[in-house]
Structure formats: structure tokens, C-alpha cells
Amino acid sequence: MTSRFALSLLTLVACSEAPVQQDTPDAGVTVDSGSGSGDPDAAVPEDPGSFEVNLQRSQHPLVTGTTTSLMVNVTRHGAFAGAVTLEAAGLPAGVVAPPVTVAAGETTGTLELMTATTAAHSLPTTVTIKGTADTLTSIATATMTVRGLPGSIDQTFAGGKKLVPMGSASDTAYATAVQPDGKIIVAGFASAVHSGDFAVTRLDRDGNVDTTFGVNGKVFTDFGSLDSAYAVAVQPDGKIVVAGMATMPGSSFDFAVARYNSDGSPDTTFSGDGKATVAVGGGLDVAYAVIVQANGRIVLGGETNRATIPYDTDFALVGFLPDGSLDTTFGAQGIAITPVRAGTGRDVIFALAVARDASNPGDPVGNEKFYAVGGDNDFAVARYSANGQLDTTFGMQGLVTGVFQSTVGAARAIAVTPTGELFVAGHINHDFAAVKLSPSGAVAMPFGRSIAAVTSTNSDEAYGIVLDGNKPILAGWVYEGASQSPNFALVRLNTDGTLDNSFGTGGRVVTEMAQAGQPDQANAIALQTDSQIPAVRAIVVGSADNDFAIARYWQ
């Protein structure tokens, strides 16, 4: 008898020894040895290749009413050699860009970005550039901003205009400075708690009051019964220096200066409480300008009355050490006084500018000079060494006067070029005026002297100047027609001193900041850079309807 176990074992052995038959493939048939469909007759899919799109520029300002070309590079890889269609998505409102096809064999396509005249100005917007070819795609991104024509109000800045009530009654902004982060410092006068105080506010890059500064974005500093700030400068360490005048007991007006920390709090390392005053001549002493020297010392410029005649004043400078004490090495015991004209009359410094010799950066203080501009019948310019002494190598014994041979006028602002040339702006016979001077004080051609009236029928005066490349922009105010209320006014000049017709209307821009009939007066201008757009815009400050007024313009 045979057991079931034995039979099972015999069956297993028999099966294991059975020959395995395999099919031999026909000649010319490719065998897929991979993990595909398992079909031995299936062909290996051919690699379709690929492509990528890249932009020649990643930032694109789009000007209203114009068409901008966006160049797109197409790089093909592998077996792909076909055409690619380019499209833009996420464009700012008012901008269209028809699709374009980059034909086979071509490597560059151009999208035409058409911006409507009515398109609203925009903050930086991320736009997607997509390339497609059958099932293949590639994407690149660009930053685009809709901007206005040169001289137009920038609508992205608080709608274009910003009014900031500071005190309870009359407020006037006289000065502005832009921090490296784009925030805007505005300084002036406000009737806050007393008859008048230093008033300072800070706005963010796009015109909102910076509530982290001072108390809800505002700082007031009281010296005496009537105080006013006329100038501001930002130190490299972020501290803010504000200068002007103060009414002190037993005196008329004195030079006054305050320094604040970057958050608007008083800098108590400066004179113990963050502020200092100096009686220069015992009478009318007012500071209208301030600069910070390379060594951290502070210089105020203005006028002083040393005579019994009320309006017989001279150029006056006061130097302070970084701790707020008088710099006794500056001028004569901290004070330098320069009579510009013989006899009586008002000689007043309205603006200061530093010029440093870039050829010797190892000694910035020793090579530092600064300019003072002003006058009260014509332009007057003086150059001083870092220690407050007149530089007699400039002009006639340190002075340039009688630039326009006028009896009505004054220089109000100055800008120094990288090569040491000067642009000085103000008014002559109540018209915008500017002159370009060489480093030696000679009138520099082809710009020379320029009188650029905003209107031929009424008064206009320039109070500020900046350089837009090699073109000066002057800012001030103008009375139009029979109006008794001025408006903000700007002009841009060409390198030969003529009006730049590409700016505003015939080189001129007039802005009504407040409601009709209310006075608007621009007193200062500064440039604000923006790496996101990229763009450089002009910040203009002054007063409107008894408030601080700020506007931003495209260049």
C-alpha cells in the first residue's frame, strides 16, 4: 500500500523536472525590458524635449498712455524645436498684452504691454509670463507698476495728495528729508499747546502717517513762547536733526536745534534733553538750514541782527558738537558771521549743502566744504571750509553775489553735482530762477542763468531744488491769474536752462492741494528712490488749508 504522502512527493518531483518551453522573438522586434505595459511589441516613447522662458528685465514701469515692449527669451532643449506662444496673466488694471508666438527657429519674442491713458497708478504687481507649446509649459514672473507721465501726481501716494493736521490752528511744513528706507520726515511749525512749536511727522513710503513715530506719528517740541522748525536732516545713524528758531526769555529769536531718536523720542545724549539754543547776535537770530558733517558735527545756517536797524542782518553759522555743545573750533567760538553786502540790508542763509572731495575718502572732514546760499535782493553764495572759515578760493574772496544783477530776489535752495558743480534756485523779480556755477564760482555754461516763470501774469517763487539726473527740478508756489491763494508749482529744466517740455505741460506743473481759494505753498522738495519699481519720485511739502501738505510726483 502506497501512502498519500509518498504519492504527493512523487508528483512534486515530477513537476519540478518538467522542461520549460520559451518563445523566441521574431527578428527585428524590440523587446521592452522595462516596467511598461507589458506589451512586448510596444515602442519606447520618444522624449519630446522641453523649453524655458526667461525675461530680459524683471521690473517694468508702465507709463499711462504708452506701449512698453517686454522681451522674452525662449531656450529649447532636447528634441523640442517647435513654436512657443507667450501670454501675460495678472496684469495691472488698464494694461493689455496680446499673445505672441515665437516661431520655430526663433529665440526671442516681444510682448507689447499697452497701458491705457486712464489706467490707475499701481503699486508693484507680480505678473506671470507663460509660454505654451502643445502639452509643454514654462513660466517666468515680472514686477510691473503703472506710473504716470513725468510731472504727474503719483496716485499711489495716499491718492496723490496728503494733508496732515498737526496742531489746533495754523500748521506749515517747511522742510523734508527721506530716510534710506523710504520713510518721509516732514518738519515745520504747529500751534500745538503753545503759540507755536517745532512740529515733526513721519510718513511711510506711500503716504500713511507712521504711528510708530512719536505719539501717533507726531512730535512737538517747545522751546519758548513761539518756536518754528525750518530745516531737517537725517544722520547716518538714523537720528533726526531739526533746526529753526525759538523765542527765549530775555531775547528776541534764537537759533534752535533739536535731535530725536529714530522713533521720534528726544535724544537725551544731545544737550541733556535733546534740544539747544544759541543767541548769536542778541537780536533777530533765525536758523533756516542745517547740515551734518562727516564727523557728526552739526552746522546751522541763517541770519543774525547785530545792529540797531531791525532788518540789517548777516549770514550766520553755528557749529555744534555731536553732544549738543558749541563747537569752539568752528568759526569764532562756535559762531561764524559773514556780512555779504556792504552797508545795511538783509543777508540771510536759506540753504546749506555739503561738498566732499571723493578723491580722498581717507580724510572726509579735511576735504569737506559746504555752501551757504541766500540773499535778499539777488542770489548770494558763500563757500566755507569744514571749520567755518570762508574759502577765499571760491568766487571773490569766498563769495559770489549779484548773479542776476537784480534788486529783487533771493536764492532759496542748492544742489551739488557729483563733480562739484552747483545748481542754485530761488526767485528773481518773483519768477522761478536758477543758475549753475562751476566749483570755482563761475557761471557754468550751457545752463548759465535761467529764469523760468511759471506764469507770466503773476508771482511765482522757487523754494527747493533737486537733480533728476542732470536736470534740475524746482519746487515752490505760484499765484495764478487774479487768485489770492497760491498753489504748488514745479518746473524741470534742460541742461541748457530751457524748460523741459517732457515734464508736465511745457515743463511746468501746478497742483491745487486744498479746496479752491485756500492757500497752498510748497516750501521744500526731496527725492525718494524705490528699488521695487524702479523709480525716483519727488516729494514736495508745504502747507494747504493750514495743514502740513505733501504730494508725490513721477519723474
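Described in the following lines is the structure provided in the data block.

Conventions used here
- Residues numbered from 1 in each chain as written.
- Predicted model: local features only at pLDDT ≥ 70, side-chain atom pairs only at ≥ 80, totals over all residues.
- Heavy atoms only, no water.
- Pairing = 2+ DSSP bridges.
- Helix = DSSP H or I, 4+ residues; strand = E, 2+ residues; numbered from the N terminus.
- Axes fitted to C-alpha atoms, helices over the stretch in contact; angles between N-to-C directions.
- Buried < 20%, exposed > 50% of the residue type's maximum accessible area, 1.4 Å probe, protein only.
- Contact = heavy atoms within 4.5 Å.
- Polar contact = N/O pair within 3.5 Å; in protein donor to acceptor, adjacent residues only side chain to side chain.
- Core = buried A, V, L, I, M, F, W, Y, C linked by side-chain atoms within 4.5 Å.

Points about the sheet that holds strand 27 (residues 409-416)
1) Next: Here 4 strands make up an open sheet; going across it, the order is 27-28-29-30 and the pairing antiparallel. Only two strands of the sheet have a single neighbouring strand rather than two, namely strand 27 and strand 30 (449-451). Averaged over all pairs of adjacent strands, the angle between strand axes in this sheet comes to 20 degrees, irrespective of strand direction.

Side note on the pairing of strand 32 (residues 471-478)
1) Next: Counting buried residues along strand 32, 7 of its 8 residues qualify, which places the element largely inside the surrounding structure.
2) Next: As defined by bridge partners, strand 31 (residues 460-468) adjoins strand 32 across 8 bridges and the pair is classed as antiparallel. Counterpart to Val 466 in the pairing with strand 32 is Ile 473.
3) Next: The hairpin turn running from strand 31 into strand 32, its antiparallel successor, is 2 residues long, and Gly 469 in that turn takes a positive phi close to 70 degrees.
4) Next: Here 6 bridges tie strand 32 to strand 33 (residues 487-492), and the two strands are oriented antiparallel to one another. Residue pairing for strand 33: Val 478 is matched across the bridge by Asn 487.

Looking at the side chain of Lys 436
1) Next: As for its position among the elements, Lys 436 is in strand 29 (residues 431-437).
2) Next: By relative accessible area, Lys 436 is classed as buried at 14%.
3) Next: Sequence-distant contacts of Lys 436, defined by excluding residues within four places in its chain, comprise Glu 421, Leu 422, Phe 423, Ala 442, Val 443, Ala 444, Phe 447 and Gly 448.

Some remarks on the environment of Phe 394
1) Next: With respect to the helices, strands and loops of the structure, Phe 394 is situated in the loop between strand 25 (380-385) and strand 26 (399-401).
2) Next: Setting aside chain neighbours within four positions, we find Phe 394 in contact with Tyr 371, Val 381, Ala 382, Arg 383, Leu 399, Val 400, Leu 422, Ser 438, Pro 439, Ser 440 and Gly 441.

Things to note about the side chain of Asp 500
1) Next: Tracing the backbone through its elements, the reader meets Asp 500 in the loop between strand 33 and strand 34 (508-511).
2) Next: A polar atom in the side chain of Asp 500 sits 3.0 Å from the side chain of Lys 471.
3) Next: Residue contacts for Asp 500: discarding those within four places in its chain leaves Lys 471, Arg 492, Leu 493, Asn 494, Gly 506 and Gly 507.

A few points about the environment of Phe 548
1) Next: Structurally, Phe 548 can be placed in strand 37 (residues 547-553).
2) Next: Residues Phe 548 and Thr 172 lie 376 residues apart in sequence; the distance between their C-alpha atoms is 5.4 Å.

Quick notes on the sheet that holds strand 22 (residues 335-338)
1) Next: Pairing is antiparallel in the open sheet, where 4 strands are placed in the order 19-20-21-22. The open sheet has two free edges, formed respectively by strand 19 (285-292) and strand 22, since each of these has just one partner strand. The sheet shows a mean angle of 20 degrees between the axes of neighbouring strands, taken without regard to direction.

A look at the nonpolar core
1) Next: Among the nonpolar cores identified, the biggest contains 25 residues, and Phe 51, Val 72, Leu 86 and Ile 129 are the most heavily contacted of them.
2) Next: For this core, the secondary-structure elements that each account for two or more residues are strand 1 (50-55), strand 3 (67-77), strand 4 (84-89), strand 7 (108-115), strand 8 (125-133) and strand 9 (136-147).
3) Next: At 5 residues, strand 9 tops the list of elements feeding residues into this core.
4) Next: Contact partners of Ile 129, with chain neighbours within four places excluded, come to Val 53, Leu 55, Leu 70, Val 72, Glu 87, Ala 88, Leu 111, Ser 138, Ile 139 and Ala 140.

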